[in-house]
Amino acid sequence: MHNLNFETANAIYIHFPFCSSKCPYCDFYSTKYTKLGVDQFWAALFMELKELSRTTKNNLVQTIYIGGGTPSLIEPVFVAELLQKIKYRFKVPPTAEITMEVNPASVTEEKIIKLKRAGINRLSVGIQSFNDQHLSFLGRRSNAENNKKILSLIDNYFDNYSADLIFALPNQSLNEFEQDLEEILKFSPPHISLYNLELHENTPFHEQYKKGNLKLPAEELDADMYELALEKLNTAGYRHYEISNFCQPGYRARHNYLYWLYQPYLALGPGASGFDGSCRYQNFRDLEKYIDYYNPERFTFAEIMDLKKKNKKSFSELLKNKKKLDVNNKAKIRKINCLTAEEKMAEYSFLALRTDNGLFYHKFYQKFKRDFKTIYKAEIEELIKNKLIIEANGRIYLTTRGRELANEVFLKFLLD
Ligand code: SF4
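Keep in mind that this is a model prediction, so the values were computed, not measured.

Enquirer: I'd like a rundown of the state of the cysteines, residues and numbers included.
Expert: Per the stated rule, a full pass over the model turns up 1 disulfide. At a sulfur-sulfur separation of 2.1 Å, the disulfide partner of C279 is C338. Torsion about the S-S bond of the C279 and C338 cystine: about 95°, corresponding to right-handed handedness. Residue C279 is located in strand 13 (residues 279-283), and its partner C338 is located in strand 14 (residues 334-338); the two are separated by 59 residues in the primary sequence. For C279, a relative accessible area of 1% puts it in the buried group. Residue C338 is classed as partly exposed on the basis of its relative accessible area, which comes to 33%.

This is how it looks when you write it as structure tokens:
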């Protein structure tokens, strides 16, 4: 079994695996929110944090991202405690970007203020639409009015935030999507993410699709919506810096950008996946297994704090003599996949191509000591001929059509 080995911690992703209910399109790992479940998860998470901190040589962290699931269900006091624990084990400079995802249905003005006080300096809010019919179809618990209210509150309290929209929904017209774009632009969010609806296997939407009960818009309409968004956001001064992401100057999502730069990042929580620079790992999508492994005594957060006060001992010491973490049996908690040189080159290539900077030949050479143009000669020629990429000044980057058909482009870089 390979052990994870981080030259540098770089970025930390925390997966909070709870939601109030499951949206029928979503394939992120989450389970029903219960207070007890969250309490026990929290205690387990702190143990994983300790374990992973030991795999890093340089513990400097540039970004932290709390995603999910629905992290806005967390009480801000837990968020403050988590950030404190991270800062105890890692070096987190004051300039670090610390993002948390919020769902408009589970956040209030009071919570927004408390999250800021807890140390969160960027919010990412899942708006998805301002159309009540589409929101209800997506299984969202918020409505258009509440989405506007929450966006305006976030805008009042946070300089840096992002808002997500989903497009290419069944029965969505170009005009309806244009209204969504216009509504979001009224708030001038520093960052906007746009995703077209994807049908993931094992989701209720995919089941409906297989039975013929759900139809996505035609590809041409999907492309028209994307092009409309590019035009409107460009006119409004946004930089289209990644296939699905747009920002005002200086507001690129630093955390996600590290993924596209092929940098390592730690990921914690059931269902989270991380990368140490050589190996990718995926924690199993199983909360019970996760708690069994990291918090076998099933302590709750309050119990730990209480025991800690009485015994003046850390949580890990309390566990030490009861059940030792089975360090030789990490297979129980995560799958680690170490990449071949070819796989690394392919991943590097398609991640770089997601960004508007594209892939610089000299950077590829610096990383792999191989000449990109020699390895992928045929692929580059074919993609240029099909007007999916442009080659200029020692780099290649996607055309607008290439961005629309990005997955087809990326497949070309997977060598046999
Ligand atoms: S709230 Fe978010 S994470 Fe939870 S089911 Fe819906 S889309 Fe998925």
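Enquirer: Go over the pattern of salt bridges with me, naming the residues and quoting the values.
Expert: Counted by the stated rule, this structure contains 17 salt bridges. With a shortest N-O distance of 2.4 Å, E242 and R354 are connected by a salt bridge. You can see E242 sitting in strand 9 (residues 239-242) and its partner R354 sitting in helix 13 (residues 341-354), a full 112 residues away along the chain. A relative accessible area of 0% places E242 in the buried class.

Enquirer: Would you mind going over the environment of S129 in detail, with residue names and values included?
Expert: Mapped onto the elements, S129 comes out in the loop between strand 6 (122-128) and helix 4 (132-137). In sequence terms S129 and P104 are 25 residues apart; their C-alpha atoms lie 11 Å from each other. Residues in contact with S129, not counting those within four places in the same chain, are H134, L135, N147, L165 and D180.

Enquirer: How would you explain the domain arrangement of the protein if you had to name every residue and give the values?
Expert: Taken domain by domain, the protein consists of domain 1 (6-260) and domain 2 (340-411). Contacts between the two partners involve 13 residues from domain 1 and, on the opposite side, 12 residues from domain 2. Surface buried jointly by domain 1 and domain 2 totals about 1100 Å² across both partners, of which 50% is contributed by carbon and sulfur atoms. Along the contact surface separating domain 1 from domain 2 lie 2 salt bridges. Counting across the interface, domain 1 meets domain 2 through 6 residue pairs in polar contact (both at pLDDT 80 or more). Contributing elements (two or more residues each) for the side of domain 1 that touches domain 2: helix 8 (219-235), strand 9 and helix 9 (254-260). Of the residues that constitute the side of domain 1 that touches domain 2, the class distribution is 8 nonpolar, 2 polar and 3 charged.

About the cut-offs
- Residues numbered from 1 in each chain as written.
- Predicted model: local features only at pLDDT ≥ 70, side-chain atom pairs only at ≥ 80, totals over all residues.
- Heavy atoms only, no water.
- Disulfide = S-S within 2.5 Å.
- Helix = DSSP H or I, 4+ residues; strand = E, 2+ residues; numbered from the N terminus.
- Buried < 20%, exposed > 50% of the residue type's maximum accessible area, 1.4 Å probe, protein only.
- Salt bridge = Lys/Arg side-chain N within 4 Å of Asp/Glu carboxyl O.
- Contact = heavy atoms within 4.5 Å.
- Domains from an automatic or database assignment.
- Buried area = accessible area lost by both parts, 1.4 Å probe.
- Polar contact = N/O pair within 3.5 Å; in protein donor to acceptor, adjacent residues only side chain to side chain.
- Nonpolar A, V, L, I, M, F, W, Y, C, P; charged D, E, K, R; others polar.

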